[in-house]
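If you want the building blocks of each chain, they are given just below.
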Amino acid sequence: MKKQKISVAIGLTAAMTAGLISGCATKATPENLLRDMQKNAEKTESSLLSFKMEMAMGDGTTDISLGMDMNMETTTEPEAAHGKGTVSINMGGIDFSAETETYSVQEDDEYVTYTLIEDQWTKEVTDDGEITGEVESIADNMEEYADQFTLAEDLVTVNDKECFELTGELDGDLFSEMMQTDMTDSLAGYGIDEETLSDMVFPCTIDIYKDSILPARLYFDMKDTMAPAMEDSGVTISECYVDMTFMEYDTVEEITVPEEAVSSATDSGAAGGLDLPQDDTYGDGSVVKPAEPAEQNSNLGDSWESYTVQVNDTVLTLPCTVSDLEAAGVKLDTEYTPSDYIVNAGEYELAWFKADSGATIMVDMINTGSEPKEIKDCLVGSVCADAYSMTQGGLTVIFPGGIQVGSPEADLLAAYGEADDVYKDENYGNSYYWYGDDVIASGFNASIDPETGLIVSLNIENEG
């Protein structure tokens with residue numbers, strides 16, 4: 001549903017940082033350029049590069065754009081990478097931009113990534129992998145794909161230097177390998193599984209420095225490839241690309257993780273579903289605790305198709321009015337969305353409602369009329385509760401059948417039966433989707449914390 005479109009997309013930007021390779025002396029061809037590029041890359045000790053990624057999409061009512069712009073440096077001995085830049089999101093006219101910094105290093109047999117965002121360091125450890133941005137790992141086996149590329153007749157200029165330019169396409173498996181991420185983790189919310197990704201081809205441009213036969217620029221235009229795969233989820237893509245420019249080689253000094261990052265970083269836990277902060281919220285490695293027993297109002301439905309939700313002691317049927325929701329003990333958080341914010345006819349905007357304790361829920365404010373309305377006059381079309389936003393307590397949200405954030409996964413399935421879509425991942429947790437007659441504007445979804453097997457987020461939606 002709409003919330004997953006964000007996280008998904010937030011889950012995609014987090015890993016796309018990598019490179020390519022080169023070397024040659026005779027007449028340039030795709031075969032010898034890619035072969036020599038790999039040989040020369042194996043000799044490099046460091047690289048300095050710029051990484052940009054943009055993705056813009058919409059569902060017919062709201063447009064979402066996501067971007068990353070980072071400067072990176074990598075070394076091979078020891079294996080390490082450091083990046084610093086900006087991550088940005090624009091959703092329905094609401095802008096969010098944050099400075100971010102990352103360090104990736106190998107510690108013993110583990111790969112460790114430290115990430116700074118909004119003054120908080122987090123730490124993620126994996127047993128195997130490769131350092132993001134390492135040129136040699138990207139160029140490996142590229143010669144095998146030479147027949148998929150064409151060499152341009154004219155040289156191009158990158159970083160004020162002459163370059164050969166190859167244009168062609170790479171299959172989804174190699175693309176995922178080059179980006180050094182399991183793409184299916186990021187794209188599961190769009191119904192793109194491993195088999196679907198393998199069948200995709202991604203247009204690619206590779207610019208290679210003429211003097212050194214090392215990669216100068218790697219550009220993927222993914223819009224036309226991703227668009228058909230996302231049509232079933234009601235998403236259209238207007239822009240989607242990855243652009244890496246290699247500025248220098250063998251000039252980077254040793255990369256050292258700052259002591260502040262090592263000492264203050266919290267372990268990163270996969271929250272799944274929504275784009276939740278990935279921290280150790282409860283100090284024990286989890287982001288969710290077992291739900292406390294709560295008294296269920298008799299008016300709350302048993303099935304998610306009742307489109308009912310209990311906020312504190314009040315049962316609401318979606319869609320409902322702002323006054324209905326505020327009567328349940330929460331108020332529109334005008335710090336994020338002013339009450340006079342205009343919503344166009346037939347569109348929706350995200351808003352947050354806050355309890356006195358500071359705990360919040362997220363909702364869709366929908367304008368079902370024929371004229372623009374202030375957001376306070378729109379209808380509440382969805383209610384989303386997640387573990388992180390409710391850590392302050394003082395707010396009870398119960399979904400049909402008595403399901404809450406913190407309920408066991410087994411209770412969810414017992415209450416609602418077989419889901420229409422299921423995405424399972426041992427690292428990111430399971431996600432379940434039930435669809436109404438209008439799959440874009442009605443339904444229910446839940447995400448599971450992989451550490452505890454408890455529900456970490458719930459969303460019920462009825463905008464019809």
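The structure contained in this document is the topic of the report that follows. Since the model is a prediction, treat every value here as computed from it, not as a measurement. (Residues numbered from 1 in each chain as written. Predicted model: local features only at pLDDT ≥ 70, side-chain atom pairs only at ≥ 80, totals over all residues. Heavy atoms only, no water.)

### Looking at the overall build of the chain
Across its full length, the chain carries 10 helices and 28 strands. Looking at the chain as a whole, 52% of its 464 residues are labelled buried. Restricting the contact set of the chain to residue pairs at least 6 apart, pairs at least 24 apart contribute 60%. Total accessible area on the chain is roughly 20,300 Å²; 42% of this is exposed by carbon and sulfur atoms. (Helix = DSSP H or I, 4+ residues; strand = E, 2+ residues; numbered from the N terminus. Buried < 20%, exposed > 50% of the residue type's maximum accessible area, 1.4 Å probe, protein only. Contact = heavy atoms within 4.5 Å. Areas by Shrake-Rupley, 256 points an atom, 1.4 Å probe, with all protein chains shown as cover.)

### Looking at the layout of surface pockets
Approximately 390 Å³ is the volume found for the second largest pocket. Forming the walls of the second largest pocket are 17 residues, and the residues nearest its centre are Ala291, Glu292, Met390, Leu395 and Val405. In terms of residue class, the lining of the second largest pocket is built from 11 nonpolar, 4 polar and 2 charged. (1 Å grid on protein atoms, 1.4 Å probe; cavity = no way out; pocket = protein on both sides within 12 Å on 5 of 7 lines; lining within 4 Å. Points joined across faces, edges and corners; volume = space filled by probe spheres on them. Nonpolar A, V, L, I, M, F, W, Y, C, P; charged D, E, K, R; others polar.)

### Details of unusual backbone geometry
Of note, the bond from Glu77 into Pro78 is cis; its omega dihedral lies within 30 degrees of zero at 0 degrees. Relative to the helices and strands, Pro78 is located in the loop between strand E2 (63-76) and strand E3 (79-91). Following Leu318, the chain continues to Pro319 via a peptide bond in cis, the omega torsion being -5 degrees. Among the secondary structure elements, Pro319 is positioned in the loop between strand E15 (314-317) and strand E16 (320-321). Even without a glycine there, the phi angle at Asn159 is positive, about 55 degrees. On the secondary structure map, Asn159 appears in the loop between strand E8 (156-158) and strand E9 (161-171). By relative accessible area, which is 29% here, Asn159 ends up partly exposed. Despite not being glycine, Asn312 shows a phi value in the positive range, around 55 degrees. Considering the arrangement of structural elements, one finds Asn312 in the loop between strand E14 (308-311) and E15.

### Brief notes about the packing of aromatic side chains
Summed over all chains, the structure comprises 11 aromatic pairs. Geometrically, the ring pair formed by Phe246 and Tyr249 is stacked, given 6.1 Å between the ring centres and 10 degrees between the ring planes. Residue Tyr249 is classed as buried on the basis of its relative accessible area of 14%. Pairing Phe399 with Phe444 gives two aromatic rings, centres 5.9 Å apart and planes at 80 degrees, and the pair type is edge-to-face. With a gap of 45 residues between them, Phe399 in the loop between strand E24 (397-398) and helix H10 (409-416) and Phe444 in strand E27 (residues 442-448) connect regions that are remote in the sequence. The residues Phe399 and Phe444 share a single accessibility class, namely buried. In this structure an aromatic cluster arises from ring pairing among Phe399, Tyr416, Tyr432, Trp434 and Phe444. (Phe/Tyr/Trp six-rings, centres within 6.5 Å; stacked < 30°, edge-to-face > 60°.)

Function-wise, these values are silent; they only describe arrangement.
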